[in-house]
Amino acid sequence: MYKGVTCKVDGCARFAVMHRDTCFAHVEDVESYTEEVKKHLVKYNSFDEANFSFLNLSDLDLSEKHFNACMFSNATLSGCKFTGSMLYLCFLDGARLRKCDFSGTKIRWSVFASALIHDCSFMDSVIFRSSFNGTDIKNTLFNGSDLYSSRFIMAKQKSLGFENCNLLRVHFEYGVQDSVSFKNSNAEEAFFDMERIEE
Amino acid sequence: MRIYPHFVVVGFSNSYLIADEKTGAAVIVDPGMFDVSFLKLIEDHHYYIRAVLVTHAHESHINGLKTLTRIYDTLIYSFRDKIFDITTKTIKDGDIITVENLCFEVIETPGHSRDSVVYKCQDYLFTGDTLTAGLIGTTPHDHARKILEGSIQKKIFSLPDYMVIFPGHGPPTRLECERTTNPMLSIET
């Protein structure tokens, strides 16, 4: 589990980022640091307890990689490819994900809460006990995925596909849904806000 | 310190294995079921269970206790003095449980049940049914609900935003997320 080394700057409670003893806000040369992280991410296949919070990463091929207890909190990820990757106990809370491809991933015990997820794909994935609570999700497909026991509570959902999915014990309460398809999925085994079901 | 969540098939709850990697001493929070895969997880890492922490004595959180105590000689900490026929070491608000380099603070959070407690270990909270991602525990009546909300507001939401929550059911979360995305709580910051 992430060890949480605190930023060395007095009074700062954020965690230090990978390869530095400060948090991202206190990294001195952001551009060169970002490049360093990108090279590291591309070079290695397995990452354990690494902190990528607040980083701005784009167009990276992170397919078939393993992320164990890694932090992407409040990171901006655009055009990144996670196909076939494994995310275990990872935190992407508050992240901004645009045009990212998570298809065929195994996502377990992970947190996307409060994230912005636009134009992404989570198709044919296993998404086990993961939180999408409070997310703003738009134009994103989960088709063919097993979402067992994941949560989308208070999520703002527009133009989403949950077709041919396992939705057993998935929570959708208190959300706003617009053009969301549950075709061929066991939506009756998910939890919805009762008032919305009656509509 | 390493934390391993373990899914309990019966009751759909979460157990947690928390290990001190330096000494091999380990703690289990809420053994809802003690199955072969959980035993394998412990033994493959050469851990030894030194303590079991119970967040509350509902079946889906304690059903593995009997099996567990037949395998490991371990202390069981609970608000109750007895679970099944097993005598426990009783705990109260503010108690500190130390197992080698692992240190757990007991936070009483009644409401879901009278015996509900949360365990705080470093930056991690093991909340049982008191607080889960986007939900809070069920309560038998309105008064208990008010007590539960009060416990969460006063004792949990007063902790730092970055704390990670490992609940008794469902996915993990972070305290900051619960402040903003838990519809069950009237947010008062």
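Residues numbered from 1 in each chain as written. Chains lettered and ligands numbered in written order. Predicted model: local features only at pLDDT ≥ 70, side-chain atom pairs only at ≥ 80, totals over all residues. Heavy atoms only, no water.

Trainee: Run through the overall build of chain B, naming residues and quoting values.
Mentor: Looking only at helices and strands, one finds 5 helices and 16 strands in chain B. For 189 residues, the compact-globule formula gives about 16 Å, and the C-alpha radius of gyration of chain B, at 16 Å, lands near that figure. The principal-axis extent of the C-alpha atoms belonging to chain B is close to 45 × 35 × 30 Å. Of the contacts formed within chain B by residues at least 6 apart in sequence, a portion of 53% connects residues at least 24 apart. As displayed, chain B has an accessible area near 7,700 Å², and 51% of this comes from carbon and sulfur atoms. (Helix = DSSP H or I, 4+ residues; strand = E, 2+ residues; numbered from the N terminus. Rg over C-alpha atoms; globule rule 2.2 N^0.38 Å. Contact = heavy atoms within 4.5 Å. Areas by Shrake-Rupley, 256 points an atom, 1.4 Å probe, with all protein chains shown as cover.)

Trainee: How would you explain the state of the cysteines if you had to name every residue and give the values?
Mentor: Where two cysteines share a covalent bond between their sulfur atoms, that bond is called a disulfide. All names here are of chain B. Per the counting criterion, the structure on display carries 0 disulfides over all chains. The structure places no disulfide on Cys121, whose sulfur is separated from the nearest cysteine sulfur, that of Cys103, by 7.2 Å. By relative accessible area, which is 1% here, Cys121 ends up buried. (Disulfide = S-S within 2.5 Å. Buried < 20%, exposed > 50% of the residue type's maximum accessible area, 1.4 Å probe, protein only.)

Trainee: Summarise the interface of chain A and chain B; cite the residues concerned and give the values.
Mentor: Counting residues at the interface gives 33 residues for chain A and 31 residues for chain B. On the surface where chain A and chain B come into contact, there are 3 salt bridges. Counting across the chain A and chain B interface gives 8 residue pairs in polar contact (both at pLDDT 80 or more). (Salt bridge = Lys/Arg side-chain N within 4 Å of Asp/Glu carboxyl O. Polar contact = N/O pair within 3.5 Å; in protein donor to acceptor, adjacent residues only side chain to side chain.)

Trainee: Which residues make up the side chain of Arg2 of chain B, and what values go with them?
Mentor: Tracing the chain through its elements places Arg2 of chain B in strand β1 (residues 2-8). For Arg2 of chain B, a relative accessible area of 15% gives the class buried. A distance of 2.8 Å separates a polar atom in the side chain of Arg2 of chain B from a polar atom in the side chain of Asp48 of chain A. One polar contact links Arg2 of chain B to Glu21 of chain B, side chain to side chain, over a distance of 3.3 Å.

Trainee: Account for the pairing of strand β5 (residues 75-78) of chain B, naming residues and giving values.
Mentor: Residue and element names in this part refer to chain B. Pairing geometry for strand β4 (residues 48-53) and β5, over 3 bridges, is parallel. Its bridge partner lying in β5, Ala51 is registered against Leu75. The sheet contact formed by β5 and strand β8 (residues 89-90) spans 2 bridges and is parallel. Paired with Ser78 across the two strands is Thr90, which belongs to β8. (Pairing = 2+ DSSP bridges.)

Trainee: Describe the environment of Arg179 of chain B, naming the residues involved and giving the relevant values.
Mentor: Residue and element names in this part refer to chain B. Among the secondary structure elements, Arg179 is positioned in helix α5 (residues 175-181). Accessibility expressed as a relative area gives 13% for Arg179, which makes it buried. Between the C-alpha atoms of Arg179 and Glu43, which are 136 residues apart in sequence, the distance is 38 Å.

Trainee: Could you give me a rundown of the sheet that holds strand β15 (residues 164-167) of chain B, with the residues and numbers involved?
Mentor: All names here are of chain B. With mixed pairing, 6 strands are arranged side by side in an open sheet as β9-β10-β11-β12-β15-β16. Looking along the sheet, the strands with just one partner apiece sit at the ends: β9 (96-99) and β16 (173-174). Summarising the sheet, β15 and β16 pair through 2 bridges and their orientation is antiparallel. Each residue of the ladder has a partner; that of Val164, found in β16, is Arg174.

Trainee: Before we move on, can you summarise the confidence of the model for chain A with the specific residues and values?
Mentor: Within chain A, residue pLDDT values average 92, and 95% of them lie at 70 or more. Confidence drops under a pLDDT of 50 for residues 194-199 of chain A, and excluding neighbours within four residues, the segment shows 3 contacts in the predicted structure. (pLDDT = per-residue confidence, 0-100.)

Trainee: Tell me about the pattern of salt bridges, and name the residues and values.
Mentor: Tallied over the entire structure, the rule returns 14 salt bridges over all chains. Each of the salt bridges in this network shares a partner with another, and the network as a whole consists of Asp48 and Glu49 of chain A together with Arg2 and Glu21 of chain B.

Trainee: Break down the sheet that holds strand β8 (residues 116-118) of chain A for me, citing the residues and quoting the values.
Mentor: Within a beta sheet, neighbouring strands are joined by backbone hydrogen bonds and run either parallel or antiparallel to one another. Residue and element names in this part refer to chain A. As summarised here, the arrangement of the 7 strands in space is β2-β4-β6-β8-β10-β11-β12, forming an open sheet in which the pairing is parallel. Only two strands of the sheet have a single neighbouring strand rather than two, namely β2 (56-58) and β12 (176-181). Across the sheet, the mean angle separating the axes of adjacent strands is 10° when strand polarity is ignored. Across 5 bridges, the pairing between strand β11 (residues 156-161) and β12 is parallel. (Axes fitted to C-alpha atoms, helices over the stretch in contact; angles between N-to-C directions.)

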